[in-house]
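Letter by letter, the chains look like this.
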Amino acid sequence: MIRIPCPFCGMRDHSEFTYGGDGSIEYPPLDASKEEWHDAVFLRDNICGVQFETWQHTHGCRMWLVVERDTMTHEILSVRPAHPGLASALANEQEADQ
Amino acid sequence: MTARRLDKGGRIDRSTPVNFTWDGKALTGYAGDTLASALLANGERVLGRSFKYHRPRGIMSAGVEESGAIVTVGEGARREPNVKATMQELYDGLSAEGQNAWPNVRFDLGAVNGLFGRFFAAGFYYKTFMGLPPFEWGHGTRLWMLYEKLIRKAAGMGTASREPDPDCYDHAHAFCDVLVVGSGPAGLSAALTAAEAGRDVILVEQDFELGGDLLTDPAAEQQRLDLVRAVEAAGARIMTRTTAFGLYDNGAAGLLERVTDHIASPDEGIPRQRFWTVRAGATVLASGALERPVTFENNDRPGVMTAEAARVYLNRFGVLPGQRIAIATNNDGAYGIAGELASAGAEVLLADMRNGDVPETPSGVTQKSGVAPLRAIGRSGVEGVEFASRSGDSWKPAGKEPCDLLLVSGGWSPVVNLSSHRGAKPFWNESLACFLPGETSEPIFHAGSAAGVWRREDCLASGAAAARKAMGEEVEEVAPGGWKNAIQPVYEVRLPDSHAKAFVDYQHDVTGDDVRLAHQEGFVSVEHLKRYTTLGMATDQGKMGNVIGLALMADALGKDIPDVGTTRFRPPYTPVAIGALAGRSVAGHFKALRRTPLHDWNLRHGATMTDAGVWHRPWYYAREGEGIEEAYIREAATVRKTVGICDVSSLGKIAVQGPDASEFLNRVYTNAFAKLPVGKARYGIMLRDDGIVMDDGTTWRLGEEDYLTTTTTAHAGKVMVWFEELLQSRWPDLKVHVTSVSDHWAGVSIAGPKAREVIAACLAADEDISNDVLPFMGVARITLKNGIEGLIARISFSGELAYELYVPAGQADAMMNLLWPAAEAVDGCLYGLEALGTLRIEKGHVTGAELDGRVTIDDVGLGKMASAKKSFVGSALRQRSELLRENRPQLVGIFPVDRSQRFKGGSLLCDPDAVTGFGEGWITAVTHSPALGHWIGIGYISGGAAAWKDKTAVAADPVRSGNVDVEIVSPHMFDPEGVRMHG
Ligand SMILES: [Zn+2]
């Protein structure tokens, strides 16, 4: 069982979350070419080691998160909100706390 | 073996006798006994028959590693096979029996297998069945089918009850700073150190008493009591009868608590077992060590057991397990018990396999050095032992001695299983001749004999040190070891060229010869050895035999043990009942079940329910004398004739609100949403990134920045998750908020020519839903007669004049109590899922069965809904050439050529000249159409209706009803112009 530290709810069992997909993908704009969309949707690395992935805290705060996880050890190195505005707001808040 | 209960000593309560039965025989033990100690005290020696050869087996140990006394406990539905008698607490009325034998364990006809032993050698299954290619479909399978029954009968592990489990099981959760596994000196010391430092500690013990090794030392009782009291006083949470069976990621541990397995008639409200998930900040493994045997001829005879077992039976249970006892050891550990057995009145011969320095011989004990057990004499019980002495690299006979109990100590194996679950690879320690726990970067620390620390005072220090490490302190390790004289490894004793039965893994009847045979046949990896011989794959997971197996393999390979390596242990450490893993998720609670707000109202009005995904929905409302077919056909016909009311509360409903709500919906849906006026609804289709249809539904614009989006019942959750992902990660600049309001509204569809009339009769005085005020696709907030405020939309799934009316879930009954009398007054009906299906199939409307994650918007015939003027999710990849192919399967309607015939959903659509393979398409749904008067269906076929205009197809259903000639038509089979719903 993996445990994920949700930035909003704290450390929770992974059964509260739903796996999304590759967190490193930058999806192109809707009017981009089908070739660009093909690469974004279908091409994936099969990483043995640290990768970014998206998870949603479905049975918690419903937030989409970007999780940095080692696929060999299941170690979680970092978690941040997928929403960039929320991520930077949270980072600022943490900085202020310190 | 002439075991007997002593008059005093041990931890049992002689004032509380406990009656139990063994193979139907009434016996008596005492409170505090295990089934094994009570059987031993009653002189029972043969307790089981072995897996393959049906050899008589008795008690071999006193713990979880037991491989001989494996019995069936309980009767009827509670009959449980493969229970280790050493771990089963005795209770009044316990009934146990031997297994894997007929007619009983003392006289077993299956023992003739022993004569055909060569058929059961390592790899027998593989050679016989896998060796006949192709295994899947050829020879091998047929042979296997033939032999399987025979083999299963001959080689078995007891039989479980076939009745449903009458007990209940719980799941429970806990958190702690430090989890301590094991309550021997090291575990108690660790728990005490951490708890006194203010840490939240959980101490887990699989036994029913705390103390581990201290329980078998009468002189240490005061020390044990002091430690336990101190741990309790320091506030540690203590769980006995609880096994930590597995360690998982991030400090999670799986525990099995046996709540009532020791109680004669437990309270029915109490679960039999609890499966705990504990999340610990750090874990201290004080899981102890297990004594291992030595492989020699007949080392499985009843009366051969570990030296430690004798110590437990004597000191804890007051049973002297033999009168004339031979002890064979290669280490210092067995000297103590030798003296204790002699003091208890036994005649003891201590044979030390070592030459050289050995401890002082305890008083009353005869000692011999340099001899090892070569063979146990006797059949259903040990009558003597033949010794061997070293002769170069091998052994030679060295005389016989009579005995009724043969104790063996081949060394100790620390229980490294739990950290191995986490990938910590155990490493071989040459001087201690055992695997020590491996390194891990996780906060898992070993203490006591689990870390190879043998002496009690060192174990106490080791426990304290492990606790300090668990608290993040830097401390010095307590060095493993502690015996005065070195162990001299002996794994197998045999004469050159002897092929006598000498066991490595008792439970799976794996012999030393099997290991050598595997090597001879080319198996060099331990993982392969394990699978080929099945060594270590029985319910004890090789607790007794693994190390010996590795040593023999290393010897055959001419390698050292560390070079051969070891297999990784997997959870569970000891078997876990499936019932405990299932917990309360059984029967009606196996999966979540959702009820609509109208559930009770529907039942009161004659609904027969069906499961649709997670929902429980009305299927049909049968009237007197009706079955399902009569009911749904009447309901569908009534809708087209007068009016029908259907509970559609299960549809997904999402509030989409905010200044950018229009822009958001415009990107999500394939068709234009930007200019949808307030007070209007629009049907929309959304695609996935890859251009395939995700879901469809209507969206109602309630205000400038306020929309209500409905989804199909099946995809409600998925669409919500998708909206959240888009807004949070792809389009964070959009100011939109989405809220699932599926549960907030009760919804009904009122459909049929009299729908407006029925609703109008239920509205508050000043409300108006005339065609001018509420035209087709109009939406309005509305107040009913009794003051209930709701939403109404004029949308139609049935093709009739129809409305969806939503009111707050709590007002569902009140709404129906207005609507239903009004509908009854015009001969209307309630209709269920089956009639809903009929009406939508007649209209060719798609639902989950058609939107199966493989179809494009063009496939379902709605290509004109894909806007060419804007980009939307999926607009790029729907242009892939495969998705634009002309002859893709497309949505069609299906009629039987002979209108009196019927066909079935799931049939394949084929060209009449090629009724084979996957055909040209498939049928997704069928119904009898009351409007058309015959059976119809919808489905997909290559090229769509246009390609099959003048051609008959065959609905092929090879496994059920056979083939029916069908006509391929437009999916809009009834009222294709939509005259009725605009009325
Ligand atoms: Zn959360």
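In this text, all values refer to a predicted model and were calculated from it rather than measured experimentally.

Conventions adopted
- For every chain, the first residue of its written sequence is number 1, and the numbers climb from 1 along that sequence.
- Numbering of ligands from 1 and lettering of chains from A proceed in the order in which they are written.
- This being a predicted model, a pLDDT of at least 70 is required before a residue's local features are given, and a value of 80 or more before pairs of side-chain atoms are given or counted; all residues contribute to the totals for chains, interfaces and linings.
- As a rule here, side-chain values come from all non-hydrogen atoms in the structure, and water together with hydrogens is ignored.
- Under the scheme used here, helices are H or I runs from DSSP no shorter than 4 residues and strands are E runs no shorter than 2 residues, and both carry numbers assigned from the N terminus.
- Burial status follows relative accessibility: with a 1.4 Å probe on protein chains alone, a residue under 20% of its type maximum counts as buried, one over 50% as exposed, and anything between as partly exposed.
- The contact rule is simple, with two residues in contact once any of their heavy atoms fall within 4.5 Å.
- Per-residue and other accessible areas follow the Shrake-Rupley method at a 1.4 Å probe size, with only the shown protein chains counted as cover for residues.
- Charged residues are defined narrowly, with Lys and Arg counted positive, Asp and Glu counted negative, and His plus the chain ends left uncounted.
- All charge positions are set by atom: Lys at NZ, Arg at CZ, Asp at CG, Glu at CD.
- Axes here refer to lines fitted to C-alpha atoms; in helices the fit is confined to the stretch in contact. Angles between the N-to-C directions go from 0 to 180 degrees.
- For this classification, under 35 degrees means roughly parallel, over 145 means roughly antiparallel, 65 to 115 means roughly perpendicular, and everything else is oblique.
- Helix crossings get a hand from a simple test, with the near helix turned counterclockwise from the far one by less than a right angle marking a left-handed crossing and a clockwise turn marking a right-handed one.
- Each residue is assigned to one class: nonpolar for Ala, Val, Leu, Ile, Met, Phe, Trp, Tyr, Cys and Pro, charged for Asp, Glu, Lys and Arg, and polar for all the others, Gly among them.
- Two strands qualify as a pair provided DSSP detects at least 2 bridges between them.
- In short, buried area is how much 1.4 Å probe accessible area vanishes from two parts on joining, totalled over both.
- Only one rule defines a salt bridge in this text: a Lys or Arg side-chain nitrogen within 4 Å of an Asp or Glu carboxyl oxygen.
- Pairs of N or O atoms within 3.5 Å make up the polar contacts considered here, provided that, within protein, one atom can donate a hydrogen while the other can accept it, and that residues adjacent in sequence are counted only when both atoms are side-chain atoms.
- Put simply, a nonpolar core is a bunch of buried Ala, Val, Leu, Ile, Met, Phe, Trp, Tyr and Cys residues held in one set by side-chain atoms that sit within 4.5 Å of each other.
- pLDDT expresses, on a scale from 0 to 100, how confident the predictor is about each individual residue.
- Here a donor is any nitrogen, oxygen or sulfur atom (N, O, S) within 2.8 Å of the metal, with 3.2 Å used for Na, K and Ca; water is not among the atoms considered, so some sites may look incomplete.
- Under the classification used here, a metal with four donors is tetrahedral if each angle lies between 85 and 135 degrees, square planar if opposite donors are over 155 degrees apart and the others between 65 and 115, a six-donor metal meeting that same test is octahedral, and anything else is irregular.
- Stacked, edge-to-face and tilted labels apply to pairs of Phe, Tyr and Trp rings (six-membered ring for Trp) whose centres lie within 6.5 Å, assigned for plane angles under 30 degrees, over 60, and everything in between, in that order.
- Only when the NZ of Lys or the CZ of Arg is both within 6 Å of the ring centre and within 35 degrees of the ring normal is a charge said to sit over the ring.

Draft legend 1. Focus on the overall build of chain B. For chain B, the helix and strand inventory stands at 24 helices and 50 strands. Structurally, chain B occupies a C-alpha span of about 110 × 70 × 55 Å along its principal axes. The buried share of chain B, reckoned over its 983 residues, is 58%. Counting contacts in chain B only where the partners sit at least 6 residues apart, residues at least 24 apart contribute 66% of the total. Entry remark: accessible area of chain B is about 39600 Å², with carbon and sulfur atoms responsible for 52%. Positive and negative side-chain charges of chain B, numbering 101 and 121 respectively, have mean locations separated by a distance of 3 Å.

Draft legend 2. Layout of the overall build of chain A. Counting its secondary structure elements, chain A contains two helices and six strands. Mapped from its N terminus to its C terminus, chain A presents α and β elements in the order β-β-β-α-β-β-β-α. Sequence-distant contacts in chain A: of pairs separated by 6 or more residues, those separated by 24 or more amount to 42%. Surface accessibility of chain A: about 5600 Å² in total, with carbon and sulfur atoms responsible for 50%. Between the centroid of the 7 positive side chains of chain A and the centroid of its 16 negative side chains there is a distance of 8 Å.

Draft legend 3. A look at the packing of helix α6 (residues 307–315) of chain B against helix α7 (residues 335–343) of chain B. All names here are of chain B. Running from N to C, α6 and α7 point in directions that differ by 40°, and their axes come no closer than 10 Å. Looking at the two axes, α6 sits oblique to α7. For the crossing formed where α6 meets α7, the hand is left-handed. Contacts between α6 and α7 involve Ala 307, Ala 310, Arg 311, Leu 314 and Asn 315 from the first element and Ile 337, Glu 340 and Leu 341 from the second. Grouping the amino acids of the contact of α6 with α7 by side-chain chemistry returns five nonpolar, one polar and two charged.

Draft legend 4. Up close: the environment of B:Ala310. All names here are of chain B. Secondary-structure assignment places Ala 310 in helix α6. Exposure remark for Ala 310: the relative accessible area of 0% places this residue in the buried category. Linking Ala 310 and Val 46, residues 264 residues apart in sequence, is a C-alpha distance of 17 Å. Those residues in contact with Ala 310 that sit more than four places away from it in its chain are Met 305, Pro 321, Ile 337, Leu 341 and Leu 407.

Draft legend 5. Layout of the pairing of strand β38 (residues 706–711) of chain B. Residues and elements named next belong to chain B. Of all six residues that make up β38, six are buried, and the element is covered over most of its length. Both faces of β38 are covered, namely the face carrying Asp 706, Leu 708 and Thr 710 and the face carrying Tyr 707, Thr 709 and Thr 711. Note: strand β37 (residues 693–703) against β38, four bridges, orientation antiparallel. Among the inter-strand pairings, Thr 699 is bridged to a residue of β38, identified as Thr 709. Counted between consecutive antiparallel strands, the loop separating β37 from β38 contains two residues.

Draft legend 6. The sheet that holds strand β19 (residues 347–352) of chain B, seen in detail. Residue and element names in this part refer to chain B. With parallel pairing, the five strands of this open sheet are ordered in space as β16-β24-β18-β19-β20. Edge strands, defined here as strands with exactly one partner in the open sheet, are β16 (304–306) and β20 (365–369). Sheet twist, expressed as the average angle between the axes of neighbouring strands with direction ignored, equals 20°. Looking at chain direction, strand β18 (residues 324–329) and β19 are connected through six bridges and run parallel. Considered in β19, the bridge of Ala 328 is made with Ala 351. Its contacts with the sheet place α6 against β16 and β24 (405–409), and it is angled at close to 85° to β16. Strands β18, β19, β20 and β24 of the sheet are contacted by α7, whose axis makes an angle of about 165° with β19.

Draft legend 7. Representation of the interface of chain B and chain A in the model. Each side of the interface is counted separately: chain B has 29 residues, and chain A has 24 residues. Carbon and sulfur atoms supply 58% of the area that chain B and chain A bury against each other, a total of about 2200 Å² over both sides. Counting the surface chain B buries against chain A, the share from its top three residues, B:Asp249, B:Asn250 and B:Gln728, is 26%. Residues A:Arg62 and B:Glu724 are paired through a salt bridge, measuring 2.8 Å at the closest nitrogen-oxygen approach. Here chain B and chain A share ten residue pairs in polar contact (both at pLDDT 80 or more) between them. For the side of chain B that touches chain A, the element with the most residues is helix α18 (residues 716–730) of chain B, which contributes eight residues. Along the lines of polarity and charge, the residues of the side of chain B that touches chain A split into twelve nonpolar, seven polar and ten charged.

Draft legend 8. Region of interest: α7(B). All names here are of chain B. Those residues of α7 that fall on the buried side of the exposure criterion are Tyr 335, Ile 337, Ala 338, Gly 339, Leu 341 and Ala 342. Turning to α7, the residues buried within the fold contact α6, β17 (319–320), β18, β19, β20 and β24. After α7 finishes, the residue Gly 345 shows a positive phi value of roughly 110°.

Draft legend 9. Here's a closer look at the nonpolar core. All names here are of chain B. Within the largest apolar cluster, 48 residues are counted, with the highest numbers of intra-cluster contacts made by Phe 20, Leu 35, Tyr 313, Ile 327, Leu 341 and Leu 407. Aside from chain neighbours lying at most four places away, what touches Tyr 313 is Ala 36, Ser 37, Leu 40, Ile 59, Ser 61, Ala 62, Thr 86, Met 305, Gly 318 and Val 319. The next biggest cluster of nonpolar side chains, apart from the first, holds 35 residues, and it includes Val 748, Leu 774, Ile 782 and Ala 823.

Draft legend 10. Broad picture of the confidence of the model for chain B. Residue and element names in this part refer to chain B. With 94% of its residues at a pLDDT of 70 or more, chain B shows a mean pLDDT of 93. Every residue in residues 131–138 is under pLDDT 50, and counting partners more than four places away or in other chains gives ten contacts. Scored as a complex, the prediction yields pTM 0.89 and ipTM 0.98.

Draft legend 11. Structural context of the coordination of the zinc ion. Residues and elements named next belong to chain A. Every protein donor of the zinc ion is listed here as Cys 6 (SG), Cys 9 (SG), His 57 (ND1) and Cys 61 (SG), and their distances to the metal cover 2.0 to 2.3 Å. Here the zinc ion is ringed by four donor atoms whose angles at the metal span 106 to 119°, and the overall shape comes out tetrahedral. Counting gaps between the donor residues of the zinc ion yields the pattern C-x2-C-x47-H-x3-C. Note that Cys 6 is positioned in strand β1 (residues 3–6) and Cys 61 in the loop between β4 (50–56) and β5 (64–70), a separation of 55 residues in sequence.

Draft legend 12. Molecular detail of the sheet that holds strand β42 (residues 789–793) of chain B. Residues and elements named next belong to chain B. A sheet is described by the order of its strands in space; here six strands give the open sequence β41-β42-β43-β40-β34-β44, paired in mixed fashion. Because the sheet does not close on itself, it has two edges, and the strands there are β41 (779–783) and β44 (829–830). Two elements, strand β34 (residues 644–647) and β44, share two bridges in a ladder whose sense is parallel. When the bridges of β44 are listed, Ile 645 appears paired with Leu 830. Against the sheet, helix α20 (residues 812–825) contacts β34, β40 (745–751), β43 (802–808) and β44, and its axis sits at roughly 10° relative to β40.

Draft legend 13. View of the environment of B:Arg880. Within the element layout of this structure, B:Arg880 appears in the loop between α21 (833–843) and α22 (881–884). For B:Arg880, a relative accessible area of 25% gives the class partly exposed. B:Arg880 sits 189 residues away from B:Gly691 along the chain, and the two C-alpha atoms are 8.4 Å apart. With residues up to four places along the chain from it excluded, the contact list for B:Arg880 reads A:Lys34, A:Phe42 and B:Asp690.

Draft legend 14. Region of the structure containing the packing of aromatic side chains. All names here are of chain B. This structure, assessed with the given rule, holds 14 aromatic pairs over all chains. Judged by centre distance (5.2 Å) and plane angle (35°), the rings of Trp 922 and Tyr 940 are tilted. In this pair, Trp 922 is assigned in strand β47 (residues 921–929) and Tyr 940 in strand β48 (residues 934–942), connecting sequence segments 18 residues apart. Residue Trp 922 is classed as partly exposed on the basis of its relative accessible area, which comes to 23%. Residue class for Tyr 940 comes out buried when judged on its relative accessible area of 0%. Clustering of aromatic rings is evident, with ring pairs tying together Phe 664, Phe 723 and Trp 731. One cation-aromatic arrangement involves Arg 57 over Phe 503; the distance from NZ or CZ to the ring centre is 4.8 Å.

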